[in-house]
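Take a look at the letters that make up each chain.
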Amino acid sequence: MPKQVDHGERRRQIGAAVCRLIATKGLDAVSLRHVAAEADVSMGRVQHYFATKDELLMFAFELISERVAARLGAVHSDDPATYLRAILLELLPLSPAARAEAPVLAAFLAQAVVEPRLGQPLREGNDEMVTWLAGMITAVRPGGDPRRDAMALLAFVDGLMLQVLIGQVTPAAAEDLVEHQLSRVLTCG
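Note that the structure is predicted; figures quoted are calculated from it, not measured.

Examining the overall build of the protein chain
Part 1 of the argument: A tally of regular secondary structure across the protein chain gives nine helices and zero strands.
Part 2 of the argument: For the protein chain, the succession of helices and strands along the chain, N to C, is α-α-α-α-α-α-α-α-α.
Part 3 of the argument: With 189 residues in all, the protein chain has 39% of them scored as buried.
Part 4 of the argument: When the accessible area of the protein chain is evaluated, it comes to approximately 10400 Å², of which 56% is carbon and sulfur surface.
Part 5 of the argument: Where the 19 positive side-chain charges of the protein chain centre and where its 23 negative ones centre are 6 Å apart.

Quick look at the structure:
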């Protein structure tokens with residue numbers, strides 16, 4: 001009986017290899033040869049599942065986005081302020097999973113500046129996150145401009161992620177800064 005092949009799993013295996021390459025060597029390191037070596041498959045296997053480098057990168061972007069969404073989805077709290085704080089911290093490279101994903105996200109953010117196909121899903125995800133954050137802010141502190149506050153918090157955390165990645169801000173300092181900024185937003189409508 002022929003062996004059943006899980007094509008979705010093979011694509012995810014290759015996509016995960018792309019993410020590892022980006023995390024350790026940047027987007028420029030993504031080549032057919034390097035991806036095949038990282039995934040421990042033949043170059044033909046990579047070509048079988050991905051016709052172009054752009055297709056490969058878009059799949060890796062979707063994969064990393066799903067991972068981040070799953071991490072965020074695992075965060076729960078009945079207290080809106082605690083929940084909001086936990087989500088903001090989860091967006092930073094503080095846990096092992098977030099530290100592995102953050103360089104990939106940062107590379108895609110930088111590439112989105114010149115690649116409109118990457119910019120669109122990033123903008124859509126950002127809009128969804130702003131709407132969610134605004135709802136959480138309203139649950140804690142009615143009044144003010146929760147959408148503006150949500151946009152500011154998200155921009156703050158995005159910038160803080162980069163500063164933690166380059167070692168400009170320590171993880172402990174990042175947590176303290178999130179606490180400081182969040183307390184200002186939640187008390188000053």
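From this point on, the discussion continues.
A word on the side chain of E101
Part 1 of the argument: Mapped onto the elements, E101 comes out in helix α6 (residues 96-112).
Part 2 of the argument: When its relative accessible area of 6% is taken as the criterion, E101 is described as buried.

Let's talk about the environment of L21
Part 1 of the argument: Tracing the backbone shows L21 in helix α1 (residues 7-25).
Part 2 of the argument: Given a relative accessible area of 2%, L21 falls into the buried group.
Part 3 of the argument: With 18 residues separating them in the primary sequence, L21 and A39 have C-alpha atoms 9.8 Å apart.

Some remarks on the pattern of salt bridges
Part 1 of the argument: Considering all chains together, one arrives at eight salt bridges under this definition.
Part 2 of the argument: Linking D149 and R148 is a salt bridge whose minimum nitrogen-to-oxygen distance equals 3.5 Å.
Part 3 of the argument: On the accessibility criterion, D149 (8% relative accessible area) is buried.
Part 4 of the argument: Connected through salt bridges with shared partners, the residues R71, E90 and E101 form a single ionic network.

Section: the domain arrangement of the protein chain
Part 1 of the argument: Parsing the protein chain into structural domains produces domain 1 (1-74) and domain 2 (76-189).
Part 2 of the argument: On a C-alpha basis, the centroid separation for the pair domain 1 and domain 2 is 26 Å.
Part 3 of the argument: Tallying the contact residues gives 17 residues for domain 1 and 19 residues for domain 2.
Part 4 of the argument: Together, F61, R71 and L72 form the three largest contributors to the area buried by domain 1 at its contact with domain 2, with a combined 40%.
Part 5 of the argument: Here domain 1 and domain 2 share two salt bridges between them.
Part 6 of the argument: Note that R71 and E101 form a salt bridge whose closest N and O atoms lie 2.7 Å from each other.
Part 7 of the argument: Taken together, the elements giving at least two residues each to the side of domain 1 that touches domain 2 come down to α1 and α4 (53-73).
Part 8 of the argument: Among the residues forming the side of domain 1 that touches domain 2, the class breakdown is twelve nonpolar, one polar and four charged.

Thresholds applied
Residues numbered from 1 in each chain as written. Predicted model: local features only at pLDDT ≥ 70, side-chain atom pairs only at ≥ 80, totals over all residues. Heavy atoms only, no water. Helix = DSSP H or I, 4+ residues; strand = E, 2+ residues; numbered from the N terminus. Buried < 20%, exposed > 50% of the residue type's maximum accessible area, 1.4 Å probe, protein only. Areas by Shrake-Rupley, 256 points an atom, 1.4 Å probe, with all protein chains shown as cover. Lys, Arg positive; Asp, Glu negative; His and termini not counted. Charge placed at Lys NZ, Arg CZ, Asp CG, Glu CD. Salt bridge = Lys/Arg side-chain N within 4 Å of Asp/Glu carboxyl O. Domains from an automatic or database assignment. Contact = heavy atoms within 4.5 Å. Buried area = accessible area lost by both parts, 1.4 Å probe. Nonpolar A, V, L, I, M, F, W, Y, C, P; charged D, E, K, R; others polar.

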